[in-house]
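Residue strings, one per chain:
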Amino acid sequence: MRARATLGATLVVAVALVAAGVLVVALLRDNLFGRAELTAEVGARSVASQIASGTAPSAIELPDDDELVQIVDAAGTVVAASDDLAGADALGDFAPEPDPVETTSPAAPVETSDDAESDDDDDDGQDDDSDDDSDDDDDTPASGDTAATPAAETTTSAAGGAVGSRIAFETVTVPGEGEHYRFAALAATAPDGAEYRVYSGTSLATQEEAINSVEATMTWALAPLLLVVAVVTWLVVRRALKPVRAIQTKLIEITGGDLSQRVPVPASRDEIHSLARTTNMTLAALDAAVAQQRRFVADASHELRSPLAILRTQLEIAREHPELLDLDATLGDVTRLQDLATDLLLLARLDAGERPPHVDVPFTELVREEVARRAATDRVPVRLEVEEDLTVWGVRGHLARAVGNLLANAQRHAEAGVSVRLAGVDEAWVRLEVADDGNGVPQGQRRRIFDRFVRLDESRSRDEGGAGLGLAIVQDVVSEHQGRVSVLDAPEGGALFRLELRRNGW
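These lines cover the structure that appears in this document, whether it is placed above or below. In this numbering scheme, every chain counts its residues from 1 along its sequence in written order. This being a predicted model, a pLDDT of at least 70 is required before a residue's local features are given, and a value of 80 or more before pairs of side-chain atoms are given or counted; all residues contribute to the totals for chains, interfaces and linings. The side-chain figures draw on all heavy atoms in the structure; neither hydrogens nor water molecules are used.

### Considerations on the nonpolar core
Step number 1: Here, nonpolar core refers to any group of buried Ala, Val, Leu, Ile, Met, Phe, Trp, Tyr and Cys residues whose side-chain atoms link them within 4.5 Å. Type-normalised accessible area, obtained with a 1.4 Å probe on protein chains alone, sets the label of each residue: buried when under 20%, exposed when over 50%, and partly exposed for intermediate values. Counting 45 residues, the largest nonpolar core has Phe363, Leu432, Val434 and Phe497 as its most contacted members.
Step number 2: When residues of this core are assigned to their parent elements, the largest contribution, seven residues, is made by helix H8 (residues 396-413).
Step number 3: Contacts are residue-level and defined by heavy atoms, with any inter-residue pair within 4.5 Å sufficient. Residues contacting Val434, with those up to four places away along its chain left out, are Leu406, Leu407, Ala410, Val418, Ser419, Val420, Ala495, Leu496 and Phe497.
Step number 4: The next biggest cluster of nonpolar side chains, apart from the first, holds 18 residues, and it includes Ala52, Ile60, Ile71 and Ala188. Counting from the N terminus, the helices are DSSP H or I runs at least four residues long and the strands are E runs at least two residues long.

### Quick notes on the pairing of strand E5 (residues 180-189)
On any regular strand, side chains alternate: one points to one face of the sheet, the next to the other face.
Step number 1: For E5, a buried count of nine out of 10 residues is recorded, marking the element as mostly surrounded by other parts of the structure.
Step number 2: When DSSP locates at least two bridges between a pair of strands, those strands are taken to pair. The pairing of strand E4 (residues 162-173) with E5 spans nine bridges and is antiparallel. The partner of Thr171 across the bridge, within E5, is Arg182.
Step number 3: One ladder, built from nine bridges, connects E5 with strand E6 (residues 195-203); its direction is antiparallel. Within the sheet, the bridge partner assigned to Arg182 lies in E6 and is Thr202.
Step number 4: In this antiparallel pair of consecutive strands, E5 and E6, the connection spans five residues, and Gly193 shows a positive phi of 90°.

### A word on the packing of helix H4 (residues 205-255) against helix H5 (residues 271-320)
For any two helices packed against each other, one specifies the inter-axial angle together with the distance between the axes.
Step number 1: Viewed as axis vectors pointing N to C, H4 and H5 meet at an angle of 15°, and their least axial separation amounts to 10 Å. With respect to H5, the element H4 is oriented roughly parallel. Along this stretch, H4 crosses H5, giving a crossing that reads as left-handed. Contacts from Ala240, Pro243, Val244, Ile247, Leu251 and Ile254 of H4 reach H5 at Ile272, Ala276, Thr279 and Leu283. Here the axes come from fitting lines to C-alpha atoms, over the contacting stretch only for helices, and the angles between their N-to-C directions go from 0 to 180 degrees. Each angle receives one of four descriptions, namely roughly parallel if under 35 degrees, roughly antiparallel if over 145, roughly perpendicular if within 65 to 115, and oblique otherwise. Should the near helix be turned anticlockwise from the far one by less than a right angle, the crossing is termed left-handed; should it be turned clockwise, right-handed.

### What about helix H9 (residues 470-480)?
Step number 1: Most of H9 is tucked away: nine of the 11 residues are buried.
Step number 2: For H9, every residue scored as buried is listed here: Leu471, Ala472, Ile473, Val474, Gln475, Asp476, Val477, Val478 and Glu480.
Step number 3: On its buried face, H9 sits against helix H6 (327-351), H8, strand E12 (484-489) and strand E13 (495-502).
Step number 4: Gln482 sits one or two positions beyond H9 and adopts a positive phi of about 55°.

That is the geometry; function is a separate question.
Structure, rendered in structure tokens:
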């Protein structure tokens, strides 16, 4: 788990760092190249403006060092260039086409001031203005051959030249130097109508050096950083899993047989803390179940040993003195032993989770049969009040055993009589109440009496009392049927056992 967590964290950080590095380099490249393009564009427009103003290309003072300029005419011939480009061919043909501009002869422009217009009369003004055929709102000189070009897109000099509005950029390797330059290409038109392409370039050596430095730094720093991430992740995960190792070690020790021990619970309030607490709860439940099983086995052995010992004694006496054999007592002991074995088998099946198919059981008929079956051996009379045609959802044999055990328990502790009442509570539940007029059950013992091998009257003889499994069977059968059982005070003064079962399936 440590290895998987470390590998996963390292991969995630590596992907994030590489993506961030690519983004940083791209932004840096765009910024630096943008600055170079701005410098090249300023140089190109400066030279183009001089051409448009009427300066001859050979007379323009061109920059040198980190900036290179080359001027090419319409035929593709280099007419002027910086010293580093002297003798070199044209850099390329990526310059945009010149914008169409209006050209004007030197005698055509006429400037008219507001003062002159106010001093002259209207007739003179009409004679002068008729030749120009222009109005005050037109800022572009006119000629006989005009082209409609927006003034915002073309820079026109006073002498009649123009600088193109479109500009192109391209990275060029300058022959002889091997360096990359970012060139701006611009078209310019001289006052005489000659067209030129101006190429102004800025060296990218500094920009490329900065980008290469950043890339190298990121590349060399990536491996140590990932190593740090991997080591830190490994240590953190190992520390986080340290309580798990302690829990594992303790569980191995507990598996040896001592279920009374508990795993250590870390102080941190996290998932491992919850896991440790849940494990301890499971161990406590398992310890209680094992202890209950051991008590059950011990009590069962004790309960079985006593009737078997009595039965063996009677048989040994009968072998030596057949006339002393009490067949009724011997048969009673055998019956008691058989009932005890049956109860133990039923409890074992319920503990094992055995669940026979559930069906609709005619509960009114079942209660009548159980009361009638005990009529011949009743120590006290049973008063029966039942509602007819009541059915419940369950296993008939298990329900019969639970009802019989309640009747036997009530008859064992009653003084003068037992009352049985069966009625429907509502559309979902049926209630059976078995009450006696005995001593009742103390308030603090009403949950304990449903434990196995528990008999509150410890002084009674074994012949009069049961083995302490009857009410435990009732509890398990009711739980199997998702019902409820409780102990209350009976109106007759003794104990009232209330059993509630579902009418329909769940």
